[in-house]
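# Topology and contacts: notes
Here is what each chain is made of, one letter per residue.
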Amino acid sequence: GPTPRPTPGPTPGPTPVQSISSARLQSHSSAGNCWVAIHGNVYDLTTYANDHPGGARVITNLCGTDGTTMYNVFHDAILLSILLTDGELQGPFGN
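These remarks concern the structure in this document. (Residues numbered from 1 in each chain as written. Predicted model: local features only at pLDDT ≥ 70, side-chain atom pairs only at ≥ 80, totals over all residues. Heavy atoms only, no water.)

### Section: a nonpolar patch on the surface
- On the surface, a nonpolar cluster with roughly 330 Å² of combined accessible area is contributed by M70, V73 and F74.
- Turning to its location among the elements, F74 is positioned in helix 3 (residues 68–74).
- Overall, the relative accessible area of 56% leaves F74 in the exposed class. (Patch = residues over 30% accessible without salt bridge, like charges linked within 9 Å, V, L, I, M, F, W, Y side chains within 5 Å. Areas by Shrake-Rupley, 256 points an atom, 1.4 Å probe, with all protein chains shown as cover. Salt bridge = Lys/Arg side-chain N within 4 Å of Asp/Glu carboxyl O. Helix = DSSP H or I, 4+ residues; strand = E, 2+ residues; numbered from the N terminus. Buried < 20%, exposed > 50% of the residue type's maximum accessible area, 1.4 Å probe, protein only.)

Okay, here's the thing in structure tokens:
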């Protein structure tokens, strides 16, 4: 009969990134610990908020939430990759 195919082992490479749940996002909802989901990724904007040209308040109002809608009012998606670094990126936003 047909030879059974070997079961593929774990793919070598980087550990898969853990997606960030709504509950976890909501636990970072203060100006001193501010995570915001934008375009499917979660960013730690605690430090960046103070450098935001539009003012920190705009960002701190969004801590712990998905800020994509508000972000899109003011910015193009490409700005995220220009302004923010891997240091701010916490991982993909998942439920």
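There's plenty left to go through after this.
### Overview of the sheet that holds strand 4 (residues 89–92)
- Across the sheet, four strands lie side by side as 1-2-3-4; this open sheet has antiparallel pairing. Every interior strand has two partners, whereas the edge strands, strand 1 (29–30) and strand 4, have only one.
- Alignment of strand 3 (residues 41–44) against strand 4, held across three bridges, turns out to be antiparallel. Counterpart to N41 in the pairing with strand 4 is P92. (Pairing = 2+ DSSP bridges.)

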